[in-house]
Amino acid sequence: MVMTSSLIEAVKQRAHAERERTSHPAEFPELPPVPAARYGDHEFFELERREVFGRSWLMVAHVDELPDTGDFRLIDHLAKPIVLLRTEDGGVNAFLNTCKHRGAALVTDAAGHAGRRLTCPYHSWVYGLDGALLGYPETQNFPPLDKECLGLTPVRCETWGPLVFVNLDDGAPTLHQYLGQVGEDLSELGDLAGRLHLVDRTAFDVDVNWKLPVDANIETYHVNTVHRDSAAKVLDQAATGIQLLGQGHSRMLITMQNGQSMGDLLPFPSLFDGVGDLPNAGTFSYHVFPNLSIVFSGLGFMFFITNWPSGPNQSQYHVHFCSSVPSNGDDSTQLNTQFAQINRSVLLEDLSVLPGMQRSIDTGSLDYVRLGYQERRIYYLHETIDRVIGVERVPEELRVPAVLGDFIES
Ligand code: FES
Ligand SMILES: [Fe+2]
């Protein structure tokens, strides 16, 4: 399944219709104020980390970050430490980065090459790339150990084309089920391993709650202000169309000004047929609950933004920039770097505003966040967070009432 031509047209029309709208939509409720403490409360942060990030499918890597058999990558920004390993059959396995002997971290570098096996740095227990315990020194010190039971603890791991996802919950649905409509719209992404190349990667700490950068990615109300000297020169803020999809996901198109085409600015070969010309019509993007933004820059350049909770008012901001053209050290490398830089500088404009907002929250200067119709994806994120945690477990004063159920389109 890809997007039908009538859906593609409807997405464009929605954005155009928004351009003409002059009043608040009569049928849409006034969004209840969102308690600002949801962006800084310690207990709520722990709930999110455990119940949301502990049970969602999370994009943690691009397969190009593990090109060869035995390559590993440490994922240390979740509630439990995870090691990703490239296996002999070309797949990716995920395990807790925890030795079954006494719990030493098996890898400590952010990335590297383990060869054919992983050896614990403490007492040299040895594991295969499939997690099996292969051996341990001085067997005479132990009664016969059940090696079957002492393999590394596996973590659910699935790839979607070039993207690697993990889920800490053994009982979670499949990634395909989780992605729902997003997976349908972008089903071609599943065939893009080896064709959508990782060309640049950004990762840094930001002193704000994980949701603040996410919020900035899922509304365009700020474009004419924050991005007045960059994105606002080519994008028409008012012509933004939004669809809330099932399971907390959503879709958005902010249209180019004056019928321009993103394709004219971006000379990358196309990778997609099934989304029509939406990625050329403007900035076309998806939010995958809870923390992934999939953003098209034309049909051959994309980036994937994830923001990770590290504390109530701290997070880690990651961007994977991907292109249909590999960076081979020639002109294509320059072009990829240039487009990554352009997009990165626009994203940094968002981040420059957010610490002031966090300070307002942390000092109790802001009681509620007030959201307009155009910011309803942010409300949808909050609603979904409470649903996933279980509303009754959310401290009463921090709850948001569910009001968007009738406005979900798939
Ligand atoms: S803790 Fe790993 S071998 Fe001892
Ligand atoms: Fe922005």
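Residues numbered from 1 in each chain as written. Chains lettered and ligands numbered in written order. Predicted model: local features only at pLDDT ≥ 70, side-chain atom pairs only at ≥ 80, totals over all residues. Heavy atoms only, no water.

Caption draft 1: Just the packing of aromatic side chains, in detail. On inspection of all chains with the given rule, the structure shows 16 aromatic pairs. Taking the centre distance of 6.0 Å and the plane angle of 80° together, the rings of W125 and F142 count as edge-to-face. One end of the pair, W125, is in the loop between β7 (117-119) and β8 (126-128); the other, F142, is in the loop between β9 (133-135) and β10 (154-160), with 17 residues separating them in the sequence. Accessibility expressed as a relative area gives 30% for F142, which makes it partly exposed. Three or more aromatic residues joined by ring pairs make a cluster, and in this case those are F272, F284, Y286 and F296. In this structure, K211 packs its charged tip against the face of Y39, placed 4.8 Å from the ring centre. Here the guanidinium or amino end of R376 rests over the ring plane of F28, the centre of that ring lying 6.0 Å away. (Phe/Tyr/Trp six-rings, centres within 6.5 Å; stacked < 30°, edge-to-face > 60°. Helix = DSSP H or I, 4+ residues; strand = E, 2+ residues; numbered from the N terminus. Buried < 20%, exposed > 50% of the residue type's maximum accessible area, 1.4 Å probe, protein only. Lys NZ or Arg CZ within 6 Å of the ring centre and 35° of its normal.)

Caption draft 2: Representation of the domain arrangement of the protein. When its domains are assigned, the protein resolves into domain 1 (5-56 + 174-407) and domain 2 (64-160). Here the C-alpha centre of domain 2 lies 33 Å away from the C-alpha centre of domain 1. Contacts between the two partners involve 20 residues from domain 1, matched on the other side by ten residues from domain 2. For the pair domain 1 and domain 2, the summed buried surface comes to about 1200 Å²; carbon and sulfur atoms form 62% of the total. Viewed at the interface, domain 2 and domain 1 are joined by one salt bridge. Residues R201 and E65 are paired through a salt bridge, measuring 2.6 Å at the closest nitrogen-oxygen approach. Linking domain 1 with domain 2 are four residue pairs in polar contact (both at pLDDT 80 or more), by the criterion used here. (Domains from an automatic or database assignment. Contact = heavy atoms within 4.5 Å. Buried area = accessible area lost by both parts, 1.4 Å probe. Salt bridge = Lys/Arg side-chain N within 4 Å of Asp/Glu carboxyl O. Polar contact = N/O pair within 3.5 Å; in protein donor to acceptor, adjacent residues only side chain to side chain.)

Caption draft 3: Spotlight on the sheet that holds β10. Read across the open sheet, the seven strands follow the order β2-β11-β10-β5-β4-β3-β6; overall the sheet is antiparallel. Lying at the two open borders of the sheet, with one neighbouring strand each, are β2 (58-62) and β6 (111-113). The average undirected angle you get between the axes of adjacent strands in this sheet is 30°. Relative to β6, strand β3 (residues 71-75) runs antiparallel, the two being bridged by three bridges. (Pairing = 2+ DSSP bridges. Axes fitted to C-alpha atoms, helices over the stretch in contact; angles between N-to-C directions.)

Caption draft 4: Examining the environment of F301 more closely. Note on placement: F301 falls in strand β17 (residues 301-311). Given a relative accessible area of 0%, F301 falls into the buried group. Separated by 48 residues in sequence, F301 and L253 have C-alpha atoms that sit 16 Å apart. When near neighbours in sequence (up to four residues on either side) are disregarded, F301 contacts V199, F268, V295, F296, F321, C322, S323, N336, F339, A340 and N343.

Caption draft 5: Summary view of the nonpolar core. Of all hydrophobic cores here, the largest spans 108 residues; its most connected members are L84, W160 and I294. Sort the elements by how many residues they give to this core and helix α8 (residues 331-362) lands first, with seven residues. Summarising the domain contributions, this core has at least three residues from each of domain 1 (5-56 + 174-407) and domain 2 (64-160). Judged by nonpolar contacts, the second largest core, of 18 residues, contains L74, A104, Y136 and L152. (Core = buried A, V, L, I, M, F, W, Y, C linked by side-chain atoms within 4.5 Å.)

Caption draft 6: Region of interest: the pattern of salt bridges. Taken as a whole and assessed by the stated rule, the structure comprises 16 salt bridges. Among the salt bridges present, the one from E51 reaches R50, with a minimum N-O distance of 3.3 Å. Taking relative accessible area as the criterion, R50 reaches 47% and is therefore assigned partly exposed. R55 is the salt-bridge partner of E51, the closest N and O atoms lying 3.2 Å from each other. By relative accessible area, R55 is classed as partly exposed at 34%. The network of salt bridges with common partners includes R50, E51, R55 and R393.

Caption draft 7: Expanded view of the coordination of the iron ion (ligand 2). Taken together, the protein donors to the iron ion (ligand 2) comprise H222 (NE2), H227 (NE2), D350 (OD) and D350 (OD), at separations of 2.1 to 2.5 Å. Each of the four donor atoms around the iron ion (ligand 2) contributes to a set of angles spanning 57 to 125°, which defines the coordination as irregular. Going along the chain, you hit the donors of the iron ion (ligand 2) in the pattern H-x4-H-x122-D. Pair noted here: H222 is in the loop between α4 (211-217) and α5 (223-226) and D350 is in helix α8, with a separation of 128 residues, a long-range link. The pair formed by H222 and D350 is uniform in burial state, with each residue classed as buried. (Donors = N, O, S within 2.8 Å, 3.2 Å for Na, K, Ca; no water. Tetrahedral: all angles 85-135°; square planar, octahedral: opposite > 155°, others 65-115°.)

Caption draft 8: The pairing of β2, seen in detail. Of all five residues making up β2, five are buried, and the element is well covered by its neighbours. Where β2 lies against strand β11 (residues 163-167), four bridges are found, and the strand directions are antiparallel. Residue pairing for β11: M59 is matched across the bridge by F165.

Caption draft 9: Spotlight on the side chain of H249. With respect to the helices, strands and loops of the structure, H249 is situated in the loop between β13 (235-244) and β14 (250-256). A relative accessible area of 0% means that H249 is categorised as buried. Within polar-contact distance, the side chain of H249 engages the backbone oxygen of Y178 at 2.8 Å. Those residues in contact with H249, other than ones at most four positions away along the chain, are Y178, L179, V182, L244, H287, V288, F289 and Y380.

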